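# Descriptive analysis of the structure
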Amino acid sequence: MSFDEMDVDTIWMDGEFVDWDDAQIHVLTHGLHYGTGVFEGARCYDTENGPAIFRWEEHLERLYHSCKPYEMEIDHSPEELTEATLELIRRQDLASCYIRPIAFYGYHSLGVSPGDCPTRTAIAVWPWGAYLGEEALENGIEVMVSSWRKHSSSQIPTNAKTTGLYVNSMLAGEEARRHGYAEAIVLNKEGHVAEGPGENVFLVRDGELYTPGLSESILDGITRDTVIEIARDLGYTVNDDVSISRGELHTADELFFTGSAAEVTPIRKVDNVVVGDGSRGPVTEEIQQRFFDVVERRVDDYEEWFTYV
Ligand SMILES: Cc1ncc(COP(=O)(O)O)c(C=O)c1O
């Protein structure tokens, strides 16, 4: 769905609420030319106790951490960004939505060094359903291993959620879609499984879960962390510091993606090889069910993960 079709009218920008159409920047903005921005993607869920942002504290913390390698200073406190976000959701009367905070080097000069470019900050919220489609949540998706490799964390900090990094994600995802797949899996420079263009990946084998470790050039996903915790609480062994080879994708019993946008999405085929029995597997289903029960507050646990609107 395009923004034009959505019932949203306000964006928070540099401390002010502005009309959606007035949230503009100059064409010579540093971040536009060099990808020098950092951002987040979080979700507000329509819970049994009213709208609540899921793991907002962790998203904010990652946003400020992402600034560090770029020596970028956000001129607004975490409290101010929180209040702005809650107010955006209230003003637009959204029960559930996606939340996109972004900070980037703005307009001043265009040397690669950002010099005196100001840091601009904005937050937008809008309704966004299942990222890969409702059907994908139930039946799973088909993915291909991309011919593009992920940047190594020695080339660019892959644990920072930097706008420029997503050129690689776009190339991988579009390559997959051109070949008829829903999404890509990207290998790292060493040839190990890293992640999806906007998702972390989990593998199930003999009843245990495996996910690439943080040194595999991945984003330290907040949904990854959530799934690790809820899976352990369900009694599963989770191996979260491993290297996974490409071939293991084909022989896995089950595979799934995690992400704030993708939530918990089963993968039923990789490179046309059927994973398990080619449908959402039982472990994936149990974890996915538990995930939605948690984020929609149908269970009382994990109260500390919610910021109520
Ligand atoms: C490259 C990449 N990996 C993993 C993820 C999943 O992270 P999270 O669960 O924090 O949304 C994302 C989405 O933000 C991503 O863009």
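Residues numbered from 1 in each chain as written. Predicted model: local features only at pLDDT ≥ 70, side-chain atom pairs only at ≥ 80, totals over all residues. Heavy atoms only, no water.

## Digging into helix α6 (residues 222–233)
Formally: Strands here mean DSSP runs of E at least two residues long; helices mean DSSP runs of H or I at least four residues long; both are numbered from the N terminus. Every helix has an expected span of 1.5 Å times one less than the residues it contains. Exposed residues in this analysis have more than 50% of their type's maximum accessible area, buried residues have under 20%, and partly exposed residues fall in between, with area computed by a 1.4 Å probe over protein chains only.
Between its terminal C-alpha atoms α6 stretches 17 Å, which fits the 16 Å expected from 12 residues at 1.5 Å a residue. Regarding α6, the residues found buried are I222, T223, R224, T226, V227, I228, I230 and A231. Looking at the residues trailing α6, positive phi occurs at G235, about 100°.

## Examining the pattern of salt bridges
Two side chains carrying opposite charge are able to pair once their charged atoms lie near each other. Note the threshold: The working definition used for a salt bridge is a side-chain nitrogen of Lys or Arg within 4 Å of a carboxyl oxygen of Asp or Glu.
For the structure shown, the criterion picks out 20 salt bridges. E58 is the partner of R55 in a salt bridge, and the nearest nitrogen-oxygen pair spans 3.2 Å. A relative accessible area of 5% means that R55 is categorised as buried. Look at E58 and you get partly exposed, because its relative accessible area is 23%. Put simply, R290 and D301 hold a salt bridge, and the shortest N to O gap is 3.3 Å. Placement of R290 in helix α8 (residues 282–295) and of D301 in the loop between α8 and β17 (306–308) is noted, with a sequence separation of 11 residues between them. Taken together, the shared-partner salt bridges in this structure form one network comprising E83, E87, R90 and R91.

## As for the pairing of strand β5 (residues 50–54)
Two faces make up the sheet, and in a regular strand the side chains alternate between them. So the rule is basically this: A pair of strands is labelled paired if DSSP reports no fewer than 2 bridges between them.
The pairing of strand β4 (residues 42–47) with β5 spans 4 bridges and is classified as antiparallel. Residue pairing in the sheet places D46 in a bridge with P51 of β5. Of the strand pairs in this sheet, β5 and β17 are connected by 3 bridges, and their pairing is antiparallel. Bridge pairing in β17 links A52 to Y308.

## Regarding the environment of D277
Worth spelling out the cut-off: The definition of a polar contact used here is a pair of N or O atoms within 3.5 Å, where within protein one atom must be able to donate a hydrogen and the other to accept one, and adjacent residues in sequence count solely through side-chain atom pairs.
You can see D277 is positioned in the loop between β16 (273–274) and α8. Given the relative accessible area of 63%, D277 is considered exposed. Each C-alpha atom, one on D277 and one on G41, is 32 Å from the other, the two residues being 236 residues apart in sequence. One polar contact links D277 to S279, side chain to side chain, over a distance of 2.9 Å.

## Some thoughts on the site of the ligand
Selection rule: To be near a molecule or strand, a residue needs just one of its heavy atoms within 4 Å of it. Using a 1.4 Å probe, accessible areas were evaluated by the Shrake-Rupley method; residue-level cover was limited to the displayed protein chains. Polar here means any residue outside two lists: the nonpolar Ala, Val, Leu, Ile, Met, Phe, Trp, Tyr, Cys and Pro, and the charged Asp, Glu, Lys and Arg; Gly therefore counts as polar.
Around the ligand lies a shell of 16 residues, among which K161, Y166, I222, T223 and S260 are the nearest. Between the ligand and the protein, one listed contact pairs an oxygen atom with a side-chain N or O atom of R62 at 2.8 Å. Here Y166 contributes a side-chain N or O atom positioned 2.4 Å from an oxygen atom of the ligand. Out of a free accessible area of 390 Å², the ligand has 96% covered by protein chains. Among the elements of the structure, α6 and β14 (254–259) are those that each provide at least two residues to the shell around the ligand. The residue makeup of the shell around the ligand, split by class, is 4 nonpolar, 8 polar and 4 charged.

## Re the domain arrangement of the chain
Put simply, the rule reads: Note that the domain bounds were set by an automatic or database domain assignment. Two residues form a contact once any of their heavy atoms are found within 4.5 Å. Buried area, as used here, totals the accessible surface that two parts lose on assembly, with accessibility defined by a 1.4 Å probe and the loss added over both.
According to the domain assignment, the chain contains domain 1 (3–126) and domain 2 (134–295). For domain 1 versus domain 2, the separation of C-alpha centres amounts to 26 Å. The partner domain 2 presents 21 residues to the 21 residues of domain 1 that form the contact. Both sides of the domain 1 and domain 2 interface together cover about 1700 Å² of buried area, and 59% of this is carbon and sulfur. The partner of R43 in a salt bridge is E263, and the shortest N-O contact between them spans 3.5 Å. On inspection of domain 1 and its partner domain 2, the count reaches 13 residue pairs in polar contact (both at pLDDT 80 or more). Looking at the side of domain 1 that touches domain 2, the elements that each hand over two or more residues are β3 (37–39), β4, α2 (56–67) and β6 (97–105). Grouping the constituent residues of the side of domain 1 that touches domain 2 by class yields 9 nonpolar, 7 polar and 5 charged.

## Let's talk about the packing of α6 against α8
Think of two packed helices as two axes; the pair is described by the angle between the axes and how far apart they sit. Test applied: Orientation is described by axes fitted as lines to C-alpha atoms, over the contacting stretch for helices, and by angles from 0 to 180 degrees between their N-to-C directions. Orientation is classified from the angle alone, with under 35 degrees giving roughly parallel, over 145 giving roughly antiparallel, 65 to 115 giving roughly perpendicular, and any other angle giving oblique.
Running from N to C, α6 and α8 cross one another at 110°; their axes reach a closest spacing of 10 Å. By the angle between their directions, the pair α6 and α8 is classed as roughly perpendicular. Every residue of α8 that contacts α6 at T223, T226, V227, I230 and A231 is listed here: I287, R290, F291 and V294. In the contact of α6 with α8, the residues fall into 6 nonpolar, 2 polar and 1 charged.

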